[in-house]
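Inside the fold
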Amino acid sequence: MKKKVTEIIYQAINEINEELDQALKLEKSTNTVLMGSNGKLDSLGIVHLLVIIEQNIEDELDEIITIADERAMSQKRSPFLTIETLVDYIVMLLREKNDE
Amino acid sequence: MDENNLNYDIFIKGNLVDLVIITEEIVEHTNWYNWFNDEETTLHMQQHYYPNTKSMQMDFYKKIIKNNKEKIQLGIYHKKDKILCGLVSLNKIDNLNRNAEISLIIGENKYRKLEVSHEAMKLIINHAFNTINLHKINAGYIETLESWGLFLRRTFGFSNEGIQKEQVYKNGKYLNIVNLGLTKNQYHTMIKENINEEKSD
């Protein structure tokens, strides 16, 4: 599952990189920082990326999940910190969905 | 005076940012006035029609902000970097109907991060509902800022309340304004749901 989610995120990064200047393009690595002072994306950019990921998850896994919401924002350790933490968060959301 | 040496009076304490009281010194010694001269900063705003100067900003402060009970405008102070990076406001506070309009600007490009906007919004919304006892907050955004609208809906519970068609002329086009509303009940339901979800994790 983790591998598939990582692929889906990289696919979304490809899409978003097409719109970004060279200096702002995101590297496809699990260590890539998304949020915080070292993150390249601004607030609108990160929401845009998360929405593309949600859409790709629906298209590829036939699951509807909401990644960008208050629940994610109020976690003590942000799930959007790096690609790795984002993968873990999405896998958790998908597991929860399947447990329902 | 260097901006970092300014004394900021904290009005609402946060983790990453504090909301501070705007003073004449802040108008005088920060880059605030210049945010409205920046094309990128104002891309999705009804600003950047006429140049803004420090003296115009001072007039605005004296006439519109100072001692105005219908407006609460606070600076967003980045605690670690000791810089005023934006502003958040409750405008047109209607004490009879208990509502107001909310707005936010992150003027310093480096701080245009989701966590900064989120905390500043959360602090002022909590103040609006839990301290000055507003019943409802309204927000509006130009349609090109849809990511921000989506964030407001999902994170705080705002709901769509209609569209003003071709209301604003910006970047060579007439654009729609999307109106959002958030009642105290909607907000508290959203916060409660998230607390419950966190507990069940």
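Now for a description of the structure that goes with this document. Given the structure is predicted, the values throughout are model-derived calculations rather than measurements. (Residues numbered from 1 in each chain as written. Chains lettered and ligands numbered in written order. Predicted model: local features only at pLDDT ≥ 70, side-chain atom pairs only at ≥ 80, totals over all residues. Heavy atoms only, no water.)

**A look at helix H2 (residues 43–61) of chain A**
All names here are of chain A. The end-to-end C-alpha distance of H2 is 27 Å, a good match for the 27 Å that 19 residues give at a rise of 1.5 Å each. Taken together, the buried positions of H2 are Ser-43, Gly-45, Ile-46, Val-47, Leu-49, Leu-50, Ile-52, Ile-53, Glu-54, Asn-56 and Ile-57. Two or three places before Leu-44, at the opening of H2, Asp-42 has a side-chain oxygen 3.2 Å from that residue's backbone nitrogen. Phi turns positive one or two residues past the end of H2, at Asp-62, with a value near 60°. (Helix = DSSP H or I, 4+ residues; strand = E, 2+ residues; numbered from the N terminus. Expected span 1.5 Å × (residues − 1). Buried < 20%, exposed > 50% of the residue type's maximum accessible area, 1.4 Å probe, protein only. Polar contact = N/O pair within 3.5 Å; in protein donor to acceptor, adjacent residues only side chain to side chain.)

**Topic: the packing of helix H4 (residues 114–131) of chain B against helix H5 (residues 146–156) of chain B**
Residue and element names in this part refer to chain B. Where H4 meets H5, the axes come as close as 12 Å, and the angle between the chain directions of the two elements is 55°. Here H5 runs oblique to H4, going by the angle between their axes. Where H4 crosses over H5, the two elements pack in a sense that is right-handed. Across from Leu-114, Ser-117, His-118, Met-121, Lys-122 and Ile-125 in H4, the residues of H5 making contact are Trp-148, Phe-151, Leu-152, Thr-155 and Phe-156. Across the contact of H4 with H5, the residue classes break down as seven nonpolar, three polar and one charged. (Axes fitted to C-alpha atoms, helices over the stretch in contact; angles between N-to-C directions. Parallel < 35°, antiparallel > 145°, perpendicular 65-115°, else oblique. Left-handed = near helix turned anticlockwise from the far one by under 90°. Contact = heavy atoms within 4.5 Å. Nonpolar A, V, L, I, M, F, W, Y, C, P; charged D, E, K, R; others polar.)

**Considerations on the pattern of salt bridges**
Under the counting rule described, the total for this entry stands at 13 salt bridges over all chains. Between Lys122(B) and Glu70(A) there is a salt bridge; the shortest N-O distance is 2.7 Å. You can see Lys122(B) sitting in helix H4 and its partner Glu70(A) sitting in helix H3 (residues 70–73), one on each of two chains. For Glu70(A), a relative accessible area of 1% puts it in the buried group. One salt bridge connects Glu161(B) with Lys136(B), and the closest N-O pair in it is separated by 2.9 Å. Of this pair, Glu161(B) sits in strand E7 (residues 159–170) while Lys136(B) sits in strand E6 (residues 136–142), and the two are 25 residues apart along the sequence. When salt bridges that share partners are traced, they join Lys4(A), Glu7(A) and Glu60(A) into one network. (Salt bridge = Lys/Arg side-chain N within 4 Å of Asp/Glu carboxyl O.)

**What to know about the interface of chain B and chain A**
At the junction of the two partners, chain B supplies 21 residues and chain A supplies 24 residues. When chain B packs against chain A, the two sides together hide about 1900 Å² of surface, and 56% of this comes from carbon and sulfur. For the pair chain B and chain A, the interface holds two salt bridges. Here Arg154(B) ties to Glu54(A) by a salt bridge, and the two come within 2.7 Å at their closest N and O atoms. (Buried area = accessible area lost by both parts, 1.4 Å probe.)

**Some points on the sheet that holds strand E8 (residues 173–183) of chain B**
Residues and elements named next belong to chain B. If you trace the eight strands from one edge of the open sheet to the other, you get E1-E2-E3-E4-E5-E6-E8-E7, paired in mixed fashion. Edge positions in the sheet fall to strand E1 (10–12) and E7, since each has one partner strand and no second. Across this sheet, the average inter-strand angle for adjacent strands is 35°, counted without regard to direction. As paired strands, E6 and E8 are joined by seven bridges and run antiparallel to one another. (Pairing = 2+ DSSP bridges.)

**Quick look at the pairing of strand E4 (residues 83–94) of chain B**
Residues and elements named next belong to chain B. Of all twelve residues in E4, ten are buried; the element is thus mostly enclosed. In this sheet, E4 lies alongside strand E3 (residues 72–78) in antiparallel orientation, the contact comprising seven bridges. By the bridge assignment for E4, Gln-73 is matched with Ser-89. Where E3 folds back onto E4 in an antiparallel hairpin, the turn is made up of four residues, including Lys-82, whose phi is positive at roughly 50°. As paired strands, E4 and strand E5 (residues 99–106) are joined by seven bridges and run antiparallel to one another. Residue pairing across strands places Ser-89 opposite Ser-103, the latter belonging to E5. Adjacent in sequence and paired antiparallel, E4 and E5 are bridged by four residues, among which Arg-98 carries a positive phi angle near 55°.

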